[in-house]
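Spelled out from the first residue to the last, the chains are:
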Amino acid sequence: MTAVRRAAPVLVAALLLLACAGRAGATGYRYWSFWERTGDHWTYATQGPASVRPEDGAVQGFRFTVGADSADAGRPRGTADFGTICADTPAKSGSKRVALVLDFGTPADAPSGETPPERRTVCARVPSDASTADALAAVAGPLRYDTNALLCAIAGYPHKGCGERISADRKSTAAPESGSAESDSGPSLGLPIGVGVVALLAGAAIWQSRRRRNASG
């Protein structure tokens, strides 16, 4: 019991180091997230817009956001009702209608020197076999992609940048190159390091406590 009490301050310090490591490792990316609407619920798309081929009556959303993953990404805001968005676009044989919700994000998430346009909705009438990317290109150009086919800009926003890595203080850093050793490993690196620190310091504290007890005996 005495060993545990003596080790407690060191364990607290180690836990504080773990918390700091987690915060220091926090990172995200500035990008266009892609969502699909079912009823009144947004679901983060599991495929890219070039792969998804929505049916007539579908609602698809794009949100410019900063996040580490799908759980951290901002959802599209505003109206997402197909009947409202496509009210003036009647059905037509050989084509389909896709309702798009375009959310350009907040000023806090905007690249330096840029102001996000107002959110808007638009109805795209496209061929029956068209993808979401085709629908987007038909009504929200110009689009911009990088060499890896990552969607970088919708309606010309933002003017530059694509998938930049953002540190915890929201300052942009260079995005890692495809295949880089840094790719996607940074956000979780603090956790194993912190756990190792806790285990190491706790073991040292208990060893020191036992040494003192043996010496006094």
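A quick note: this is a predicted structure, and the numbers were derived from the prediction, not measured.

1. Brief notes about the nonpolar core
Okay, so step 1: Judged by nonpolar contacts, the single largest core of 21 residues is most densely connected at Trp32, Phe62, Leu100, Leu102, Leu136 and Ile154.
Okay, so step 2: Look past the residues within four positions of Leu136 in its chain and what remains in contact with it is Phe62, Leu100, Leu102, Gly141, Leu143, Leu151 and Ile154.
Okay, so step 3: Listed in part, the 13 residues of the second largest apolar core include Trp35, Phe82, Cys86 and Val101.

2. Side note on the packing of aromatic side chains
The description of two aromatic rings rests on the distance between their centres and on the angle between their planes.
Okay, so step 1: Inspection of every chain in the model, using the stated rule, returns six aromatic pairs.
Okay, so step 2: Aromatic pair Trp32 and Phe104: ring centres 5.4 Å apart, planes at 85 degrees, arrangement edge-to-face. Pair noted here: Trp32 is in strand β1 (residues 27-38) and Phe104 is in the loop between β4 (95-103) and β5 (120-127), with a separation of 72 residues, a long-range link. Residue Trp32 shares its accessibility class with Phe104, and that shared class is buried.
Okay, so step 3: Between Phe104 and Tyr157 the ring centres are 6.0 Å apart and the planes differ by 75 degrees, which places this aromatic pair in the edge-to-face class. Of the two residues, Phe104 sits in the loop between β4 and β5 while Tyr157 sits in the loop between β7 (151-153) and β8 (164-167), which places them 53 residues apart along the sequence.
Okay, so step 4: A residue is classified by how much of its surface remains accessible, and Phe104, at 0% relative accessible area, is buried.

3. Focus on helix α3 (residues 132-139)
Okay, so step 1: Where α3 is concerned, the buried positions are Thr132, Ala133, Ala135 and Leu136. Each buried residue of α3 lies within a common arc of 160 degrees when the element is viewed along its axis, so the set occupies one face.
Okay, so step 2: Those residues of α3 hidden inside the fold are in contact with β1, β3 (58-67), β4, β5, β6 (144-145) and β7.

The rules we used
- Residues numbered from 1 in each chain as written.
- Predicted model: local features only at pLDDT ≥ 70, side-chain atom pairs only at ≥ 80, totals over all residues.
- Heavy atoms only, no water.
- Core = buried A, V, L, I, M, F, W, Y, C linked by side-chain atoms within 4.5 Å.
- Buried < 20%, exposed > 50% of the residue type's maximum accessible area, 1.4 Å probe, protein only.
- Contact = heavy atoms within 4.5 Å.
- Phe/Tyr/Trp six-rings, centres within 6.5 Å; stacked < 30°, edge-to-face > 60°.
- Helix = DSSP H or I, 4+ residues; strand = E, 2+ residues; numbered from the N terminus.
- Arc of directions from axis to C-beta.

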